Amino acid sequence: MTSTHHTQTRRPLACIILAAGKGTRMKSDLPKVLHKVAGRSMVGHVVAAASALEPERITVVVGPGMEDVAAEVAPHATVVQERQLGTADAVMAARPLVEGFEGDVLVVYGDTPLVTPATLSRMIEARNASGDPAVVVLGMRPDDPGAYGRLIQGADGGLDAIVEYLDATEPQRAVTLCNAGLMAFDGRRLFALLDAIGNDNAKGEFYLTDAVAVARAAGHACRVVEASAEEVVGVNSRAELAAVERLMQGRLRSAAMAGGATLADPETVYFSHDTRLGRDVTVGQNVVFGPGVEIGDRVEIRPFCHLEEVRVADGALIGPYARLRPGADIGPDVHIGNFVEVKNARIDKGAKVNHLTYIGDASVGAKANIGAGTITCNYDGFFKSRTEIGAGAFIGSNSALVAPVTIGAGAIVGAGSVITRDVPADALTVERSKQSVHEGWAAGFRTRRAAEKAAKPK
Ligand code: UD1
Ligand code: MG
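Note that the structure is predicted; figures quoted are calculated from it, not measured.

**Some thoughts on the pairing of strand 24 (residues 352-364)**
Part 1 of the argument: Note that strand 23 (residues 335-347) and strand 24 share 10 bridges and pair parallel. What sits directly across from H335, in strand 24, is K352.
Part 2 of the argument: Relative to strand 25 (residues 369-370), strand 24 runs parallel, the two sharing 2 bridges. Residue pairing for strand 25: V353 is matched across the bridge by I370.
Part 3 of the argument: The pairing of strand 24 with strand 27 (residues 387-389) spans 3 bridges and is parallel. In the strand pairing of strand 27, S363 is matched with E388.

**Some points on the domain arrangement of the protein**
Part 1 of the argument: Assigned domains of the protein: these are domain 1 (13-232) and domain 2 (238-429).
Part 2 of the argument: Each of domain 1 and domain 2 has a C-alpha centre, and these two points are 44 Å apart.
Part 3 of the argument: Summing the contributions of domain 1 and of domain 2, the shared interface buries around 1200 Å²; its carbon and sulfur component is 64%.
Part 4 of the argument: Summed over the shared surface of domain 1 and domain 2, the result is 6 residue pairs in polar contact (both at pLDDT 80 or more).

**Points about the pairing of strand 6 (residues 104-109)**
Part 1 of the argument: Burial analysis of strand 6 places 6 of its 6 residues in the buried class, the great majority of the element.
Part 2 of the argument: Of the two faces of strand 6, both are covered, the one formed by D104, L106 and V108 as well as the one formed by V105, V107 and Y109.
Part 3 of the argument: Bridge count for strand 1 (residues 13-19) against strand 6 is 6 bridges, and the pairing is parallel. From the neighbouring strand, A14 faces strand 6, where its bridge partner is V105.
Part 4 of the argument: Of the strand pairs in this sheet, strand 6 and strand 10 (residues 178-186) are connected by 4 bridges, and their pairing is antiparallel. Directly across from D104, in strand 10, lies its bridge partner D186.

**Here we look at the site of ligand 1**
Part 1 of the argument: Around ligand 1 there are 21 residues in total, and G21, Q81, T87, E164 and N179 lie nearest to it.
Part 2 of the argument: Interatomic distance of 3.1 Å between a backbone N/O atom of L18 and an oxygen atom of ligand 1.
Part 3 of the argument: Y109 places a polar side-chain atom, nitrogen or oxygen, 3.0 Å from an oxygen atom of ligand 1.
Part 4 of the argument: In isolation ligand 1 has 750 Å² of accessible area, and contact with the protein removes 83% of it.
Part 5 of the argument: Those elements that place two or more of their residues in the shell around ligand 1 are strand 1, helix 3 (87-93) and strand 10.
Part 6 of the argument: Broken down by class, the residue content of the shell around ligand 1 amounts to 9 nonpolar, 9 polar and 3 charged.

**Quick notes on the packing of aromatic side chains**
Part 1 of the argument: Counted according to the given criterion, the structure contains 4 aromatic pairs.
Part 2 of the argument: Ring geometry for F271 versus F289: centroids 5.2 Å apart, planes at 5°, classification stacked. Remark: F289 occurs in strand 15 (residues 288-289) and F271 occurs in the loop between strand 12 (261-263) and strand 13 (276-277); sequence separation between them is 18 residues. The same class applies to F271 as to F289, namely buried.
Part 3 of the argument: Seen from their ring centres, W441 and F445 are 5.2 Å apart, and the 10° between their planes marks the pair as stacked. Of the two residues, W441 and F445 both sit in helix 10 (residues 441-455), 4 residues apart, roughly one turn of that helix.
Part 4 of the argument: Among the aromatic residues, those joined into a cluster by ring pairs are F304, Y321 and F339.
Part 5 of the argument: Here the guanidinium or amino end of R173 rests over the ring plane of Y165, the centre of that ring lying 4.0 Å away.
Part 6 of the argument: Of note, R253 hangs over the ring of Y270, and the distance from its end group to the ring centre comes to 5.0 Å.

About the thresholds
Residues numbered from 1 in each chain as written. Chains lettered and ligands numbered in written order. Predicted model: local features only at pLDDT ≥ 70, side-chain atom pairs only at ≥ 80, totals over all residues. Heavy atoms only, no water. Pairing = 2+ DSSP bridges. Helix = DSSP H or I, 4+ residues; strand = E, 2+ residues; numbered from the N terminus. Domains from an automatic or database assignment. Buried area = accessible area lost by both parts, 1.4 Å probe. Polar contact = N/O pair within 3.5 Å; in protein donor to acceptor, adjacent residues only side chain to side chain. Buried < 20%, exposed > 50% of the residue type's maximum accessible area, 1.4 Å probe, protein only. Near = heavy atom within 4 Å. Areas by Shrake-Rupley, 256 points an atom, 1.4 Å probe, with all protein chains shown as cover. Nonpolar A, V, L, I, M, F, W, Y, C, P; charged D, E, K, R; others polar. Phe/Tyr/Trp six-rings, centres within 6.5 Å; stacked < 30°, edge-to-face > 60°. Lys NZ or Arg CZ within 6 Å of the ring centre and 35° of its normal.

Here it is as structure tokens:
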């Protein structure tokens, strides 16, 4: 759902993503940027947005011991910032990988997962526009400017300085234009600016934001590009993570509808960043898409379904109340009904699995009919085994198919059977004790018992 917006004549681009912060306020054992939004880590979203600009390189700055962040962003390079001395120091940590780069350098924070390629492109365009600014800063006007850095503009609308909240005077704090945290630099001037940044401020940190004042003092221009505050909202707490998730879901719902899907009640449908829906898909209320779901055309997903790592082919009907787990491969025109769970199984065209069933580690042939309450017994406590059901087979209700087992094409399994041996094509198999019938017995029983009860003293 991302698109590429990059100017054809642009200079080469390098991206530095800052992610060394521990995210103390998340109160988590997981580095902050690995927390997920719509099924993908925050830093994964930022890498994806940056990648859409086709940079020559992406370098992620991590803290000591953050091997899991490095694994998440691989094959992009990571550098370790040994001590967190501030955002300018974090960019310095990337110096060995970026020094001498002649193009533009975009610095992005790893905890702003909603930023779009379009906004990043506007920053790069401004960097290359007239005046040749040394620094372009992304600005925003949040409802509550809180503790954000304030953008101090000159009379010409250019940027003169960024003042951190703790260091700002009262008139500066009254400024509503805030630093969203994203900055684009001319790579040829970047490290000279950083070399001049000190740490004589309220936090005793090396602020990347001071690059603006340093550039102005050296006679370079600096510019602001504005974005909506919603797009660049940062995540510092679980509550902010939830707020960002809500915003992301809003985007994904809009994109699904724009792409030709009907959502009966959009607010109740939850997508992953990578959910793919065909045309004329209908999604009922309270449906959750985990990662890795691909839905074909004209599929109807009725209310209360959960899907994760599955493919559903054209014309299938899913739910209500179906659970499709990883590896479910649902063929065209298949019906999966209520309280049916499918895992690691291929269901071929036109087959029906309509009620109260578990199909796991199995294949179900075309037009097979799986009766209510069928269970593939795929696990013996040690190993998983497969169940193969041929095309056109009919599995009677409440059958247990004990894997490994094969039911041939067109075979019928009598209801209530426990099937442990293979069944040939077109055979009938029944596994249950012989039914006995005693004519008139019930009527006699009732007469006898009623007489006994009447004779009993009260
Ligand atoms: C920063 C900006 C502020 C802006 C705000 C927007 C500075 C000095 N201030 O403040 O103007 O309004 O973001 O959200 O830049 N990081 C490192 N190493 C460090 C310090 C930070 O990698 O030594 C990373 C953090 O992981 C985070 C990002 O840099 O991803 C920003 O750091 P943070 O401490 O959140 O800066 P703010 O105080 O929010
Ligand atoms: Mg922050």
